[in-house]
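Here are the chains, one letter per residue:
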Amino acid sequence: MTKVAFFGHDAGDAAVRRRVQAMQDDGLAVMGFMMRRKDDVATDWDNVDLGKTRDGAFLQRVLRIFSGARVAANSLDALASVDVIYARNLDMLACAFLAKHYTRLKTPVVYESLDVHRLLTREDFIGKALRWVEKSLLRRTIGLVVSSPAFLTNHFEKYYRGLYTPFLIENRLAAGSDFGPRPAAHNGAVSENCGRFVLGWVGNLRCKRSFELLCDLADRFPDTLEIRLHGQPARKEIPVFEPAIDARPNMTFAGRYRSPEDLSGIYEGLDLVWAGDFMEAGYNSVWLLPNRIYEGGYFATPAIAPNLTETAGWIEQKACGFTISEPLSETLPTLIAAVMQDRSVLESYRNRLLELPNEVFIQPEGFFSEVLARALAGARAK
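Because the structure is a prediction, the values reported are computed rather than measured.

With that settled, consider the sheet that holds strand β6 (residues 143-146). Reading across from one edge, β3-β2-β1-β4-β5-β6-β7 is the order of the seven strands in this open sheet, with parallel pairing throughout. Each end of this open sheet is capped by a strand with a single partner; those strands are β3 (46-52) and β7 (166-168). Sheet twist, expressed as the mean angle between neighbouring strand axes with direction ignored, is 20 degrees. In terms of strand pairing, strand β4 (residues 84-88) meets strand β5 (residues 109-113) through four bridges, oriented parallel. Bridge pairing links I85 to V109 in β5. This element, helix α6 (residues 149-160), spans β5, β6 and β7 of the sheet and lies at about 120 degrees to β6.

The end-to-end C-alpha distance of helix α15 (residues 367-381), which contains 15 residues, comes to 21 Å, matching closely the 21 Å that a straight helix rising 1.5 Å per residue would cover. Among all positions of α15, only F368, V371, L372, A375 and L376 are buried. All buried residues of α15 project into a common sector of 125 degrees when viewed along the axis, lining one side. In this structure, α15 carries R380 and A381 as exposed residues pointing more than 90 degrees from its buried face.

Here we come to the packing of aromatic side chains. The tally for this structure, following the rule as stated, stands at 16 aromatic pairs. Ring geometry for Y111 against F156: centres 6.4 Å apart, planes inclined by 75 degrees, an arrangement best described as edge-to-face. Pair noted here: Y111 is in strand β5 and F156 is in helix α6, with a separation of 45 residues, a long-range link. Between Y283 and W287, the ring centres sit 6.1 Å apart and the planes meet at 90 degrees, which makes this aromatic pair edge-to-face. Classification of W287 as buried rests on a relative accessible area of 7%.

Further remarks concern the environment of T53. Looking at where T53 falls in the secondary structure, it is placed in the loop between β3 and α2 (58-74). Once the C-alpha coordinates of T53 and R64 are considered, the two residues, 11 residues apart in sequence, prove to be 7.4 Å apart. Other than its neighbours up to four places away in sequence, T53 contacts H9, M35, R36, R37, Q60, R61 and R64. Of the polar contacts made by the side chain of T53, one reaches the side chain of R37; its length is 2.8 Å.

Turning our attention to the confidence of the model for the protein. Per-residue confidence for the protein gives a mean pLDDT of 93, with 97% of residues at or over 70. This stretch, residues 188-193, has a pLDDT under 50; its non-local contacts, to residues over four places away or in other chains, come to 14 contacts.

The volume enclosed by the second largest pocket comes to roughly 160 Å³. A class-by-class count of the residues in the lining of the second largest pocket yields seven nonpolar, five polar and three charged.

Attention now goes to helix α4 (residues 90-103). Count 3.6 residues to each turn of an α-helix, and residues three or four apart come out pointing the same way. In this model α4 runs 20 Å from its N-terminal to its C-terminal C-alpha over 14 residues, within 8% of the 20 Å that 1.5 Å per residue would give. Summarising burial for α4: 12 of the 14 residues are buried, a large majority. Listed in full, the buried residues belonging to α4 are L90, D91, M92, L93, A94, C95, A96, F97, L98, A99, K100 and T103. Count one or two residues on from α4 and you reach R104, which has phi positive near 60 degrees.

Once that is clear, we can look at the side chain of N171. Mapped onto the elements, N171 comes out in the loop between β7 and β8 (173-174). On the basis of relative accessibility, which here comes to 10%, the residue N171 falls in the buried class. One polar contact links the side chain of N171 to the main-chain carbonyl oxygen of L289, over a distance of 2.9 Å. Those residues in contact with N171 that lie beyond four places of it in its chain are R18, L114, S147, L289, P290, N291 and Y294.

Here is what the cut-offs are and how they apply
Residues numbered from 1 in each chain as written. Predicted model: local features only at pLDDT ≥ 70, side-chain atom pairs only at ≥ 80, totals over all residues. Heavy atoms only, no water. Pairing = 2+ DSSP bridges. Helix = DSSP H or I, 4+ residues; strand = E, 2+ residues; numbered from the N terminus. Axes fitted to C-alpha atoms, helices over the stretch in contact; angles between N-to-C directions. Contact = heavy atoms within 4.5 Å. Expected span 1.5 Å × (residues − 1). Buried < 20%, exposed > 50% of the residue type's maximum accessible area, 1.4 Å probe, protein only. Arc of directions from axis to C-beta. Phe/Tyr/Trp six-rings, centres within 6.5 Å; stacked < 30°, edge-to-face > 60°. Polar contact = N/O pair within 3.5 Å; in protein donor to acceptor, adjacent residues only side chain to side chain. pLDDT = per-residue confidence, 0-100. 1 Å grid on protein atoms, 1.4 Å probe; cavity = no way out; pocket = protein on both sides within 12 Å on 5 of 7 lines; lining within 4 Å. Points joined across faces, edges and corners; volume = space filled by probe spheres on them. Nonpolar A, V, L, I, M, F, W, Y, C, P; charged D, E, K, R; others polar.

Quick look at the structure:
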């Protein structure tokens, strides 16, 4: 059994849990070396707590790299027992290599980059310094995992061509997760003759512009549209959150949820899911493929995404949802009004999602272990 040390940025994060689940589904033994954002984080895997960080606190996260590496190094027996280190995000990659330095271990490292942070795209001293760090660490890894091909073409190929071995692992559901069966066709969350039309925003709620667009929709359609938010808001990005929701009777916030256990109840209560992001407009927000298109797709909930993004391209290629162009403040309300008036297109997209094979939304068993096996084999061949 291959043993993996997973250096993660937040042991309570739903995406981290999904990645651990995928590893365990494929027969890998996982030892976590993880930071956390909350005090009461319980894990389903053996875990070394590397300390608490705060969302958006960049300097504090940098300092935690050093203290976290010391904590990991103090668990020498656990760290020395693994076959490969899997580090999620640049800060945890640095933490992993620093722990290796402290312990003098030669364990190979895989880097998982699921977001290209805005600081890495800057052309000033800060951006160049961070890219120097990323380049220095990346060239010492045995593999680079990305969740969208656009990260390779727009960032890694641009700055680090020839220095890495890439692997694409999309943000699909883990095969062994208990997410329940897919819904039946023609089973919309709201019928044409009762209730409000329901639009959801699910996951990391970190985009101020998306929040403002949804608030505007709630104001435009107070009697016919309901906006439901599920997930963890980024308080630094959206400082006025609950008060804006409380001021609108047709907006609700359900808070954090368990993934995959709560996904069925969330998505089966939605007619559409918002899949736009502008937190890092022009860069990461354009390149990413978010969890919600896979989760929503499995539960036959079509998505809406802005044009000229990787998400919109995914939706258009599969003909399974809506894409809209700027100005979104005009095109989004127009679309919602049209769909509420005539739901036939919505139902056709629902049925289209149900026609797509499960593998579009669920990572096949053995896929992750195969990626690690290929990365390790490539390292041994060098």
